[in-house]
Structure formats: structure tokens, C-alpha cells
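One-letter residues, chain by chain:
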Amino acid sequence: MKLRQGLSAVLIRLSGRLKSLAMLIHSMPVSIMRVDDLISMTNNSYCQSRNVCAWSNTEARGLYDYEQEFIKRYDLHKARILALGAGGGREAWGFAEAGLEVIAIDISEAIIANAKNKLQETGNHNINFIRMSVYNLDFPLASFDAASFLGGSYSHIPSSGKRIEFLKKIRGLLKKEGVFILSFFSGGKELPTARFYPLYKLLAALTLGNREVQKGDHLAGDTQFNHAFLEAGEVAREAESAGFKVERIDIDCRVAYKYAYLRV
């Protein structure tokens, strides 16, 4: 009896160690791959059939409370908004129903095609779906009153430098007093890159990989880069470095996605 209990305890401890080792190895690609590789991998993941299915047909889900509050706070009814990484159009339809003119972009051709089909069925003329990468935005400066980057998508941009570069582009597309809502993932203190950060930095140096690897970087699933922000100040510093004024950051809300309101 005692022998079996002792053996079981050893196996349980061993499984815990193996699980930690698996987590450590699983996110090592964030060190080995370079920033552009991580972007390409994440973009390609949204073109896979399983993700096309998961992110299509989202128009009935509606806006979250903090997204509705964003519209009310800045009186965006009848405003022109750029919905970045809009996927199947959950927020695009929500914004349009609230009276906004919506330009919605996404990297996945299949997701955009599905959204356009839905648009024809509903006859909603306040949304224009366009296949476009958030890294290659092709709009004139000061084209929009507002912009959104939701679904935690801000966390999919690898490296603080790349996120600041992205924010600067968005700031340029917004009019004077324009506003921007983004959502991201937080936590990450138990992630391997936080617990074993020197190891990941060493691996990046030895492989000439991602010299900008950060605590909180990891792979979500097998094909998506994700950065979990460790604290609100990290988001604020990036936004301010890009020239935005930070009006609200909520990293303690109970929903999975945390969010920030920024103003030009």
C-alpha cells in the first residue's frame, strides 16, 4: 500500500517537472525565430482553415461593455473608424449598428471573403471589408476619427519596438483628437520567458534569433506569437513612446481581454 502511494507521488512530481520542461521548450521558438518570422507565422495561422472557421460568422456576438463605453465616452456616433484585424466582423457590425462608418481590415483572404458575403446578405452599407495587413496600412494620413485593434490582437505583435512602430502608424492615420482602443493579454509572470528570461536571451544570442525577446513572450497554441503584458505600465510606455496620450488602461478587468483607450 505504502509502496504504491510512494510510487504514485513520485510519478505525480515527475509529471509536473515534465510539464514545466514542455512549456519551456514549447515557447523557445520566440527566441530562435526573428521578429519578421514570428509575424509571418502568426499571419499564416489566421489563414488556416480551422482559424478561418473560428473567426468567421462572428457578427452576432456584438460589442463588449468597454467597447460600447468607448463609443459613448468619445461620442463616436457617425464617426469614421478603422477596425484593424477585424476577423469575421464582430466589432465591425457592432460599430456599424451604433452608427459609425467602418473600414474593416484583416490579413485572411478567406475571412474577408466570408465577411463580404455576410455583408451582401444583410445589405449593411456602413462597412467596407478590405484584405490588408496591419503592418502595411495603405490609407492617407488623418483619414479616421477613431481606430480599434481588438480581440487581444495587440499582443500578437512581436517586440516592443514593432508595437511602437505600429502605434506610430495608427497615430498618423487618426485626425486631430482622434482616439484608439486596443485590447491585449496580461499576466505572464508564470510563463517560461518570465521565469527563465536569461535562458531565452542567451538562446536568442546563440542562434542570432530574436534579440528583442521579452518576458511574457510565448506561443499561443502552435502557430501564434503572443505577448502577455506583465503590468499596465508596459502598455502605457509603448503608447506614450508613439506619441499617444493614455486615457485609460484596465489590466484588472475580469474579461480575458484587457484594454486601453488612447488619444492623439
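Up top is the structure these notes are about.
In this report, we go over the structure that sits alongside the text.

Definitions and limits used
- Residues numbered from 1 in each chain as written.
- Predicted model: local features only at pLDDT ≥ 70, side-chain atom pairs only at ≥ 80, totals over all residues.
- Heavy atoms only, no water.
- Helix = DSSP H or I, 4+ residues; strand = E, 2+ residues; numbered from the N terminus.
- Rg over C-alpha atoms; globule rule 2.2 N^0.38 Å.
- Contact = heavy atoms within 4.5 Å.
- Areas by Shrake-Rupley, 256 points an atom, 1.4 Å probe, with all protein chains shown as cover.
- Lys, Arg positive; Asp, Glu negative; His and termini not counted.
- Charge placed at Lys NZ, Arg CZ, Asp CG, Glu CD.
- Core = buried A, V, L, I, M, F, W, Y, C linked by side-chain atoms within 4.5 Å.
- Buried < 20%, exposed > 50% of the residue type's maximum accessible area, 1.4 Å probe, protein only.
- Arc of directions from axis to C-beta.
- Salt bridge = Lys/Arg side-chain N within 4 Å of Asp/Glu carboxyl O.
- Patch = residues over 30% accessible without salt bridge, like charges linked within 9 Å, V, L, I, M, F, W, Y side chains within 5 Å.
- Phe/Tyr/Trp six-rings, centres within 6.5 Å; stacked < 30°, edge-to-face > 60°.
- Lys NZ or Arg CZ within 6 Å of the ring centre and 35° of its normal.
- Axes fitted to C-alpha atoms, helices over the stretch in contact; angles between N-to-C directions.
- Parallel < 35°, antiparallel > 145°, perpendicular 65-115°, else oblique.
- Left-handed = near helix turned anticlockwise from the far one by under 90°.
- Nonpolar A, V, L, I, M, F, W, Y, C, P; charged D, E, K, R; others polar.
- Polar contact = N/O pair within 3.5 Å; in protein donor to acceptor, adjacent residues only side chain to side chain.

## Some details on the overall build of the chain
Counting its regular elements, the chain contains 11 helices and nine strands. Relative to the compact-globule value of 18 Å for 264 residues, the chain shows a C-alpha radius of gyration of 20 Å, a close match. Looking at the chain alone, contacts between residues at least 24 apart form 69% of all its contacts between residues at least 6 apart. Approximately 13200 Å² of the chain is accessible, and the part contributed by carbon and sulfur atoms is 54%. A distance of 7 Å separates the average location of the 34 positive side-chain charges in the chain from that of its 28 negative side-chain charges.

## Considering the nonpolar core
The biggest cluster of nonpolar side chains holds 34 residues, and the ones touching the most others in it are Leu84, Phe166, Phe180 and Phe244. Elements supplying a minimum of two residues to this core: helix 3 (35–45), strand 1 (80–84), strand 2 (101–106), strand 4 (144–149), helix 8 (160–173), strand 5 (174–186), helix 11 (232–241) and strand 9 (258–263). Sorting elements by how many residues they give to this core places helix 8 first, with five residues. Membership of the second largest hydrophobic core comes to 30 residues, among which are Leu63, Ala86, Leu119 and Cys253.

## Some thoughts on helix 10 (residues 197–207)
The set of residues buried in helix 10 consists of Tyr200, Leu203 and Ala204. An end-on view of helix 10 places all buried positions within 100 degrees of arc, on one side of the element. Exposed and oriented more than 90 degrees from the buried face of helix 10 are Pro198 and Leu206. Just beyond helix 10, the residue with positive phi is leucine 208, at close to 55 degrees.

## Describing the pattern of salt bridges
If you walk through the whole model with that rule in mind, you get 11 salt bridges. Between arginine 263 and glutamate 177 there is a salt bridge, with its nearest N and O atoms 2.9 Å apart. A residue pair is termed long-range when its members are at least 10 positions apart, and arginine 263 in strand 9 and glutamate 177 in strand 5 qualify at 86 residues. Using a relative accessible area of 18% as the deciding quantity, one classes arginine 263 as buried. Among the charged side chains, a network of salt bridges with common partners joins Arg73, Glu177, Glu247 and Arg263.

## Let's talk about a nonpolar patch on the surface
Taken together, the side chains of Leu14, Leu18, Leu21 and Ile25 present a nonpolar region at the surface, about 360 Å² in accessible area. Exposure remark for leucine 14: the relative accessible area of 43% places this residue in the partly exposed category.

## What to know about unusual backbone geometry
With a phi close to 50 degrees, aspartate 75 is a non-glycine residue in the positive phi region. With respect to the helices, strands and loops of the structure, aspartate 75 is situated in the loop between helix 5 (65–73) and strand 1. If you check the backbone angles, alanine 142 has positive phi at about 55 degrees while not being a glycine. Its location among the elements puts alanine 142 in the loop between strand 3 (127–131) and strand 4.

## Some points on the packing of aromatic side chains
For the structure on display, the rule yields 16 aromatic pairs. Connected via pairs of aromatic rings, a cluster forms that spans Tyr64, Tyr66, Phe70, Tyr74, Phe185, Tyr257, Tyr259 and Tyr261. When the ring centre of tyrosine 64 is taken as reference, the NZ or CZ atom of arginine 90 above it lies at 4.2 Å.

## So, the packing of helix 8 against helix 11
Angle between the axes and distance between the axes: these two values describe a pair of packed helices. Helix 11 packs onto helix 8 with a crossing angle of 50 degrees between their chain directions and a minimal axis gap of 8 Å. If you check the angle between helix 8 and helix 11, you find them oblique. Considering how the two elements wind past one another, helix 8 and helix 11 form a crossing that is right-handed. Only Glu234, Glu238, Ala239 and Ser241 of helix 11 make contact with helix 8, whose side of the interface consists of Ser160, Arg163, Ile164, Leu167 and Lys168. For the contact of helix 8 with helix 11, the residue count by class is three nonpolar, two polar and four charged.

## Focus on the environment of arginine 34
Positionally, arginine 34 belongs in the loop between helix 2 (29–32) and helix 3. Residues arginine 34 and arginine 211, spaced 177 residues apart in sequence, show a C-alpha to C-alpha distance of 7.7 Å.

## A look at the side chain of aspartate 106
Within the element layout of this structure, aspartate 106 appears in strand 2. Here aspartate 106 sits buried without a salt bridge, and the closest side chain of opposite charge, arginine 131, lies 7.6 Å off (N-O distance). In this structure the side chain of aspartate 106 is engaged in a polar contact, spanning 2.9 Å, whose partner is the backbone nitrogen of glycine 87. Within the local environment of aspartate 106, its side chain forms a polar contact with the backbone nitrogen of serine 108, the two atoms lying 2.9 Å apart. Excluding anything up to four places from it in sequence, aspartate 106 contacts Gly85, Ala86, Gly87, Ile111, Ile112, Ile130, Arg131 and Met132.

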